[in-house]
Amino acid sequence: MKKLLFLLLALSFLHVTPLPRPQFGIVIHGGAGTILKKNMTEEREAKYREKLGEVLKKGHQMLADGEKALDVVEQCIWLLEDSPLFNAGRGAVFTHEGRNELDASIMDGTTQMAGAVAGVTTVKHPISAARAVMEQSPHVMLAREGAEEFAELNGLEMVDPAYFATDRRKKSLKRAIDRESKQGDEGSVFPSEEDDYKFGTVGVAVLDQYGHLAAGTSTGGMTNKRWARIGDSPVIGAGTYANDATCAISCTGHGEYFIRYAVAHDIHARMAYKGESLDKAAKAVVHQTLQDAGGTGGVIGIDRKGNVTMQFNTAGMYRGYYRDGDVAPVVGIYGE
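Quick caveat: nothing in here was measured; it's all calculated off a predicted structure.

J.: Would you mind going over the sheet that holds strand 9 (residues 247–253) with me for this structure?
T.: Think of a sheet as strands paired side by side through backbone hydrogen bonds, with each pair either parallel or antiparallel. Pairing within the open sheet is antiparallel, and its four strands lie in the order 8-9-10-11. In this open sheet, the two edge strands, each paired with only one partner strand, are strand 8 (240–242) and strand 11 (308–312). Averaged over all adjacent pairs, the angle separating strand axes in this sheet is 10 degrees, with direction ignored. The sheet contact formed by strand 9 and strand 10 (residues 297–303) spans seven bridges and is antiparallel. Across the sheet, residue Thr252 finds its bridge partner in strand 10, namely Gly298. Against the sheet, helix 8 (residues 263–274) engages strand 8, strand 9 and strand 10, with an angle of about 145 degrees to strand 9. The strands touched by helix 9 (residues 278–292) are strand 9, strand 10 and strand 11; relative to strand 11, the strand with the most contacts, the crossing angle is about 15 degrees.

Structure representation (C-alpha coordinates):
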(Lines give C-alpha, C1' and ligand atoms only; values in the text may rest on other atoms or scores of the structure.)
Protein backbone atom coordinates (compact mmCIF):
# COMPACT_ATOMS: atom_id res chain seq x y z
CA MET A 1 0.00 0.00 0.00
CA LYS A 2 2.83 2.39 0.90
CA LYS A 3 4.57 1.59 -2.37
CA LEU A 4 1.41 2.37 -4.34
CA LEU A 5 0.96 5.72 -2.59
CA PHE A 6 4.59 6.61 -3.25
CA LEU A 7 4.20 5.76 -6.93
CA LEU A 8 1.07 7.88 -7.29
CA LEU A 9 2.79 10.80 -5.53
CA ALA A 10 5.82 10.52 -7.79
CA LEU A 11 3.66 10.47 -10.94
CA SER A 12 1.85 13.61 -9.82
CA PHE A 13 5.14 15.54 -10.03
CA LEU A 14 6.06 14.31 -13.50
CA HIS A 15 5.76 16.84 -16.31
CA VAL A 16 4.53 15.06 -19.42
CA THR A 17 5.58 17.03 -22.52
CA PRO A 18 2.91 16.78 -25.23
CA LEU A 19 4.01 15.64 -28.66
CA PRO A 20 4.63 18.60 -30.97
CA ARG A 21 1.91 19.31 -33.48
CA PRO A 22 3.13 18.42 -36.98
CA GLN A 23 3.98 21.53 -38.98
CA PHE A 24 2.15 21.88 -42.27
CA GLY A 25 2.63 24.15 -45.22
CA ILE A 26 2.02 24.91 -48.87
CA VAL A 27 4.30 26.44 -51.51
CA ILE A 28 3.18 27.35 -55.05
CA HIS A 29 4.40 28.77 -58.33
CA GLY A 30 2.71 30.24 -61.39
CA GLY A 31 5.55 30.22 -63.91
CA ALA A 32 9.05 31.65 -64.25
CA GLY A 33 10.82 33.62 -66.97
CA THR A 34 11.08 37.17 -68.25
CA ILE A 35 8.83 38.73 -65.62
CA LEU A 36 9.96 42.33 -65.24
CA LYS A 37 8.38 45.09 -63.20
CA LYS A 38 8.85 47.54 -66.07
CA ASN A 39 6.50 45.40 -68.18
CA MET A 40 3.86 45.06 -65.45
CA THR A 41 1.03 47.48 -64.76
CA GLU A 42 0.03 48.01 -61.14
CA GLU A 43 -3.39 46.57 -61.88
CA ARG A 44 -2.01 43.40 -63.44
CA GLU A 45 0.53 42.89 -60.67
CA ALA A 46 -2.23 43.28 -58.09
CA LYS A 47 -4.27 40.58 -59.85
CA TYR A 48 -1.36 38.14 -59.75
CA ARG A 49 -0.66 38.83 -56.09
CA GLU A 50 -4.33 38.53 -55.22
CA LYS A 51 -4.72 35.18 -56.98
CA LEU A 52 -1.52 33.72 -55.52
CA GLY A 53 -2.63 34.85 -52.06
CA GLU A 54 -6.07 33.35 -52.58
CA VAL A 55 -4.60 29.97 -53.49
CA LEU A 56 -2.24 30.00 -50.52
CA LYS A 57 -5.04 30.90 -48.10
CA LYS A 58 -7.23 28.15 -49.52
CA GLY A 59 -4.49 25.57 -49.15
CA HIS A 60 -3.51 26.74 -45.68
CA GLN A 61 -7.11 26.52 -44.47
CA MET A 62 -7.55 23.05 -45.90
CA LEU A 63 -4.38 21.90 -44.16
CA ALA A 64 -5.42 23.51 -40.88
CA ASP A 65 -8.72 21.62 -41.18
CA GLY A 66 -6.86 18.34 -41.47
CA GLU A 67 -7.22 17.79 -45.22
CA LYS A 68 -4.71 15.44 -46.82
CA ALA A 69 -1.82 16.59 -48.98
CA LEU A 70 -3.11 15.15 -52.28
CA ASP A 71 -6.50 16.82 -51.88
CA VAL A 72 -4.87 20.17 -51.15
CA VAL A 73 -2.59 19.90 -54.18
CA GLU A 74 -5.49 19.06 -56.48
CA GLN A 75 -7.89 21.71 -55.21
CA CYS A 76 -5.29 24.48 -55.24
CA ILE A 77 -4.20 23.65 -58.77
CA TRP A 78 -7.87 23.80 -59.75
CA LEU A 79 -7.87 27.47 -58.74
CA LEU A 80 -4.78 28.13 -60.86
CA GLU A 81 -6.14 26.17 -63.83
CA ASP A 82 -9.36 28.21 -63.66
CA SER A 83 -7.52 31.53 -63.76
CA PRO A 84 -6.71 33.08 -67.18
CA LEU A 85 -3.66 34.71 -65.58
CA PHE A 86 -1.64 31.51 -65.81
CA ASN A 87 -0.58 29.18 -68.59
CA ALA A 88 -2.55 26.19 -67.36
CA GLY A 89 -6.16 25.23 -67.97
CA ARG A 90 -8.14 28.29 -69.02
CA GLY A 91 -5.54 30.77 -70.27
CA ALA A 92 -3.17 28.14 -71.67
CA VAL A 93 -0.93 29.15 -74.56
CA PHE A 94 -1.56 28.03 -78.14
CA THR A 95 0.29 25.56 -80.29
CA HIS A 96 1.39 26.56 -83.79
CA GLU A 97 -1.84 25.07 -85.12
CA GLY A 98 -3.97 27.16 -82.74
CA ARG A 99 -4.85 24.52 -80.14
CA ASN A 100 -4.52 24.47 -76.38
CA GLU A 101 -2.77 21.22 -75.42
CA LEU A 102 -2.55 20.63 -71.68
CA ASP A 103 -0.23 18.52 -69.51
CA ALA A 104 -0.30 17.73 -65.78
CA SER A 105 1.13 15.38 -63.17
CA ILE A 106 0.71 14.58 -59.49
CA MET A 107 2.68 12.45 -57.02
CA ASP A 108 2.00 11.01 -53.57
CA GLY A 109 5.06 11.24 -51.33
CA THR A 110 3.82 8.45 -49.06
CA THR A 111 3.47 5.72 -51.66
CA GLN A 112 5.46 7.11 -54.63
CA MET A 113 2.35 6.54 -56.71
CA ALA A 114 2.06 9.06 -59.53
CA GLY A 115 -0.14 9.97 -62.47
CA ALA A 116 0.12 12.21 -65.50
CA VAL A 117 -1.65 13.26 -68.69
CA ALA A 118 -0.21 14.93 -71.77
CA GLY A 119 -1.69 16.76 -74.74
CA VAL A 120 -5.31 16.82 -73.57
CA THR A 121 -7.67 19.40 -75.08
CA THR A 122 -11.08 18.78 -73.50
CA VAL A 123 -10.41 18.00 -69.81
CA LYS A 124 -11.35 21.04 -67.73
CA HIS A 125 -8.94 20.18 -64.92
CA PRO A 126 -5.93 18.22 -66.20
CA ILE A 127 -4.60 17.81 -62.64
CA SER A 128 -7.69 15.75 -61.79
CA ALA A 129 -7.11 13.59 -64.84
CA ALA A 130 -3.55 13.01 -63.65
CA ARG A 131 -4.84 11.98 -60.23
CA ALA A 132 -7.38 9.63 -61.83
CA VAL A 133 -4.58 7.96 -63.79
CA MET A 134 -2.69 7.49 -60.52
CA GLU A 135 -5.62 6.11 -58.54
CA GLN A 136 -7.86 4.45 -61.12
CA SER A 137 -5.41 2.84 -63.52
CA PRO A 138 -2.26 0.69 -63.42
CA HIS A 139 -0.43 3.33 -65.47
CA VAL A 140 1.54 6.51 -64.78
CA MET A 141 1.03 8.55 -67.97
CA LEU A 142 -1.72 8.70 -70.59
CA ALA A 143 -1.72 11.00 -73.61
CA ARG A 144 -4.04 12.83 -75.97
CA GLU A 145 -7.27 11.07 -77.06
CA GLY A 146 -6.63 8.10 -74.81
CA ALA A 147 -6.20 10.31 -71.77
CA GLU A 148 -9.38 12.19 -72.65
CA GLU A 149 -11.37 8.98 -73.05
CA PHE A 150 -10.07 7.76 -69.70
CA ALA A 151 -10.95 11.06 -68.00
CA GLU A 152 -14.49 10.97 -69.36
CA LEU A 153 -14.97 7.34 -68.32
CA ASN A 154 -13.95 8.36 -64.80
CA GLY A 155 -16.57 11.11 -64.64
CA LEU A 156 -14.30 14.14 -64.93
CA GLU A 157 -15.69 17.40 -66.27
CA MET A 158 -15.12 17.80 -70.00
CA VAL A 159 -15.38 21.06 -71.93
CA ASP A 160 -15.30 22.36 -75.47
CA PRO A 161 -11.70 23.21 -76.44
CA ALA A 162 -12.76 26.85 -76.89
CA TYR A 163 -13.10 27.09 -73.09
CA PHE A 164 -9.33 27.36 -72.69
CA ALA A 165 -8.77 30.12 -75.28
CA THR A 166 -8.09 33.75 -74.34
CA ASP A 167 -7.40 36.78 -76.54
CA ARG A 168 -4.14 37.45 -74.73
CA ARG A 169 -2.74 34.04 -75.69
CA LYS A 170 -4.01 34.37 -79.26
CA LYS A 171 -2.05 37.61 -79.61
CA SER A 172 1.07 35.95 -78.24
CA LEU A 173 0.77 33.20 -80.84
CA LYS A 174 0.32 35.73 -83.66
CA ARG A 175 3.43 37.63 -82.57
CA ALA A 176 5.43 34.42 -82.43
CA ILE A 177 4.30 33.29 -85.90
CA ASP A 178 4.90 36.75 -87.40
CA ARG A 179 8.40 36.87 -85.93
CA GLU A 180 9.09 33.30 -87.08
CA SER A 181 8.04 34.23 -90.61
CA LYS A 182 10.24 37.32 -90.72
CA GLN A 183 13.26 35.53 -89.31
CA GLY A 184 12.77 32.39 -91.35
CA ASP A 185 13.09 30.45 -88.10
CA GLU A 186 10.42 27.85 -88.73
CA GLY A 187 9.92 25.51 -85.82
CA SER A 188 11.12 27.92 -83.13
CA VAL A 189 8.88 27.92 -80.08
CA PHE A 190 10.45 30.77 -78.18
CA PRO A 191 8.59 34.10 -77.97
CA SER A 192 10.68 37.23 -77.51
CA GLU A 193 11.10 39.26 -74.35
CA GLU A 194 8.47 41.73 -75.55
CA ASP A 195 5.84 39.03 -75.01
CA ASP A 196 6.55 39.11 -71.26
CA TYR A 197 7.49 35.52 -71.86
CA LYS A 198 7.52 33.05 -69.04
CA PHE A 199 7.67 29.33 -68.85
CA GLY A 200 4.07 29.30 -67.76
CA THR A 201 3.42 26.37 -65.55
CA VAL A 202 1.58 26.19 -62.24
CA GLY A 203 2.58 23.96 -59.37
CA VAL A 204 1.83 23.16 -55.75
CA ALA A 205 3.83 21.27 -53.12
CA VAL A 206 2.32 20.44 -49.73
CA LEU A 207 3.16 19.02 -46.30
CA ASP A 208 0.05 18.02 -44.36
CA GLN A 209 -0.56 17.61 -40.63
CA TYR A 210 0.16 13.89 -40.86
CA GLY A 211 3.69 14.40 -42.15
CA HIS A 212 2.82 13.43 -45.72
CA LEU A 213 4.08 15.24 -48.82
CA ALA A 214 2.56 15.63 -52.29
CA ALA A 215 3.22 17.72 -55.37
CA GLY A 216 1.47 18.54 -58.62
CA THR A 217 2.16 20.52 -61.79
CA SER A 218 -0.07 21.69 -64.66
CA THR A 219 0.72 23.57 -67.87
CA GLY A 220 -0.26 24.60 -71.37
CA GLY A 221 3.31 24.19 -72.56
CA MET A 222 5.12 26.64 -74.86
CA THR A 223 3.61 29.22 -77.18
CA ASN A 224 3.86 28.10 -80.83
CA LYS A 225 4.96 24.56 -79.94
CA ARG A 226 4.68 21.95 -82.70
CA TRP A 227 4.57 18.25 -83.37
CA ALA A 228 2.75 17.35 -80.13
CA ARG A 229 5.74 18.54 -78.09
CA ILE A 230 5.61 17.55 -74.42
CA GLY A 231 7.72 19.22 -71.75
CA ASP A 232 8.71 18.29 -68.23
CA SER A 233 5.44 19.03 -66.43
CA PRO A 234 3.87 15.58 -66.89
CA VAL A 235 7.19 13.76 -66.48
CA ILE A 236 7.63 12.34 -62.99
CA GLY A 237 11.12 13.12 -61.71
CA ALA A 238 11.55 16.01 -64.13
CA GLY A 239 8.68 18.42 -63.42
CA THR A 240 7.15 16.81 -60.33
CA TYR A 241 8.43 14.63 -57.49
CA ALA A 242 7.44 13.81 -53.90
CA ASN A 243 8.84 11.52 -51.23
CA ASP A 244 7.91 11.65 -47.54
CA ALA A 245 11.54 10.95 -46.64
CA THR A 246 12.76 14.17 -48.24
CA CYS A 247 10.64 16.69 -50.13
CA ALA A 248 7.89 17.59 -52.58
CA ILE A 249 8.93 19.51 -55.71
CA SER A 250 7.24 21.24 -58.66
CA CYS A 251 9.19 22.81 -61.52
CA THR A 252 8.69 25.45 -64.19
CA GLY A 253 11.06 26.27 -67.01
CA HIS A 254 12.54 25.15 -70.31
CA GLY A 255 11.20 21.63 -70.05
CA GLU A 256 13.75 19.91 -72.27
CA TYR A 257 16.49 20.75 -69.77
CA PHE A 258 14.38 19.72 -66.78
CA ILE A 259 13.81 16.35 -68.43
CA ARG A 260 17.46 15.82 -69.34
CA TYR A 261 18.66 16.56 -65.83
CA ALA A 262 15.73 14.99 -63.93
CA VAL A 263 15.57 18.21 -61.94
CA ALA A 264 12.80 17.40 -59.46
CA HIS A 265 14.26 13.99 -58.62
CA ASP A 266 17.80 15.35 -58.46
CA ILE A 267 16.82 17.65 -55.59
CA HIS A 268 15.38 14.66 -53.73
CA ALA A 269 18.49 12.59 -54.50
CA ARG A 270 20.89 15.22 -53.17
CA MET A 271 18.90 15.30 -49.94
CA ALA A 272 18.65 11.52 -49.67
CA TYR A 273 22.20 10.57 -50.66
CA LYS A 274 24.26 13.61 -49.67
CA GLY A 275 22.26 14.77 -46.67
CA GLU A 276 21.83 18.26 -48.09
CA SER A 277 19.07 20.58 -46.92
CA LEU A 278 16.18 21.29 -49.28
CA ASP A 279 17.36 24.81 -50.00
CA LYS A 280 20.98 23.79 -50.59
CA ALA A 281 19.94 21.01 -52.95
CA ALA A 282 17.53 23.26 -54.88
CA LYS A 283 20.13 26.02 -55.23
CA ALA A 284 22.72 23.59 -56.54
CA VAL A 285 20.39 22.11 -59.13
CA VAL A 286 18.89 25.41 -60.34
CA HIS A 287 21.95 27.66 -60.21
CA GLN A 288 24.64 25.12 -61.09
CA THR A 289 23.46 21.96 -62.84
CA LEU A 290 20.63 23.57 -64.77
CA GLN A 291 22.18 26.96 -65.40
CA ASP A 292 25.56 25.56 -66.45
CA ALA A 293 23.75 23.46 -69.06
CA GLY A 294 21.91 26.52 -70.41
CA GLY A 295 18.55 25.70 -68.84
CA THR A 296 16.35 28.39 -67.33
CA GLY A 297 13.43 28.24 -64.94
CA GLY A 298 12.71 27.58 -61.30
CA VAL A 299 11.50 25.16 -58.65
CA ILE A 300 9.40 25.30 -55.51
CA GLY A 301 9.51 22.74 -52.75
CA ILE A 302 8.76 21.83 -49.17
CA ASP A 303 10.47 19.22 -47.00
CA ARG A 304 9.19 16.90 -44.28
CA LYS A 305 9.94 19.49 -41.60
CA GLY A 306 8.08 22.32 -43.31
CA ASN A 307 11.11 24.15 -44.74
CA VAL A 308 10.41 25.70 -48.13
CA THR A 309 12.49 26.71 -51.14
CA MET A 310 11.67 28.89 -54.16
CA GLN A 311 14.69 28.99 -56.45
CA PHE A 312 14.85 30.40 -60.00
CA ASN A 313 17.52 31.60 -62.42
CA THR A 314 15.22 33.83 -64.47
CA ALA A 315 14.17 37.46 -64.02
CA GLY A 316 11.16 36.43 -61.97
CA MET A 317 8.82 33.68 -60.86
CA TYR A 318 5.24 33.92 -59.60
CA ARG A 319 5.50 32.20 -56.24
CA GLY A 320 4.49 32.06 -52.59
CA TYR A 321 4.22 29.97 -49.45
CA TYR A 322 2.11 29.76 -46.28
CA ARG A 323 3.02 27.52 -43.37
CA ASP A 324 1.63 26.65 -39.97
CA GLY A 325 2.59 29.51 -37.66
CA ASP A 326 3.08 32.10 -40.42
CA VAL A 327 1.16 35.33 -39.82
CA ALA A 328 0.17 35.64 -43.48
CA PRO A 329 1.03 34.16 -46.88
CA VAL A 330 4.27 35.30 -48.50
CA VAL A 331 4.00 36.17 -52.20
CA GLY A 332 6.74 37.12 -54.66
CA ILE A 333 7.01 37.92 -58.38
CA TYR A 334 10.33 39.52 -59.23
CA GLY A 335 13.88 38.74 -58.17
CA GLU A 336 13.44 40.42 -54.81
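J.: Could you clarify how one ought to interpret the nonpolar core in this entry?
T.: The tendency in soluble globular proteins is for nonpolar side chains to be buried side by side. If you look at the biggest cluster of nonpolar residues, it comprises 49 residues, and the most contacted ones within it are Ile26, Phe86, Val204, Val206 and Tyr318. Take this core: its biggest share by element is eight residues, from helix 3 (residues 69–82). Within the second largest apolar cluster, 34 residues are counted, among which are Ala205, Tyr241, Tyr257 and Met317.

J.: Whenever I open this one, the packing of helix 8 against helix 9 confuses me. Can you help?
T.: To characterise two packed helices, one gives the angle between the axes of the helices and the distance between these axes. Packing of helix 8 against helix 9 brings their axes to within 9 Å, and their N-to-C directions diverge by 135 degrees. With respect to each other, helix 8 and helix 9 are oriented oblique. Regarding helix 8 and helix 9, the two cross each other, and that crossing is right-handed. Where helix 8 approaches helix 9, its residues Val263, Asp266, Ile267, Arg270 and Met271 are matched on the opposing element by Leu278, Ala281, Ala282, Ala284, Val285, Thr289 and Leu290. For the contact of helix 8 with helix 9, the residue count by class is nine nonpolar, one polar and two charged.

J.: How should the pattern of salt bridges be read in this particular structure?
T.: Pairing between side chains of opposite charge can happen when the charged atoms of each approach one another. Summed over the entire model, instances satisfying the criterion amount to 16 salt bridges. Note that Glu54 is salt-bridged to Lys51, the shortest N-O span being 3.0 Å. With a gap of three residues between them, Glu54 and Lys51 both fall in helix 2 (residues 42–64), about one helical turn apart. With a relative accessible area of 35%, Glu54 lands in the partly exposed category. The class of Lys51 is buried, set by a relative accessible area of 18%. A salt bridge links Glu276 to Arg270, with the nearest nitrogen and oxygen atoms 2.8 Å apart.

Quick notes on the rules
- Residues numbered from 1 in each chain as written.
- Predicted model: local features only at pLDDT ≥ 70, side-chain atom pairs only at ≥ 80, totals over all residues.
- Heavy atoms only, no water.
- Pairing = 2+ DSSP bridges.
- Helix = DSSP H or I, 4+ residues; strand = E, 2+ residues; numbered from the N terminus.
- Axes fitted to C-alpha atoms, helices over the stretch in contact; angles between N-to-C directions.
- Contact = heavy atoms within 4.5 Å.
- Core = buried A, V, L, I, M, F, W, Y, C linked by side-chain atoms within 4.5 Å.
- Buried < 20%, exposed > 50% of the residue type's maximum accessible area, 1.4 Å probe, protein only.
- Parallel < 35°, antiparallel > 145°, perpendicular 65-115°, else oblique.
- Left-handed = near helix turned anticlockwise from the far one by under 90°.
- Nonpolar A, V, L, I, M, F, W, Y, C, P; charged D, E, K, R; others polar.
- Salt bridge = Lys/Arg side-chain N within 4 Å of Asp/Glu carboxyl O.

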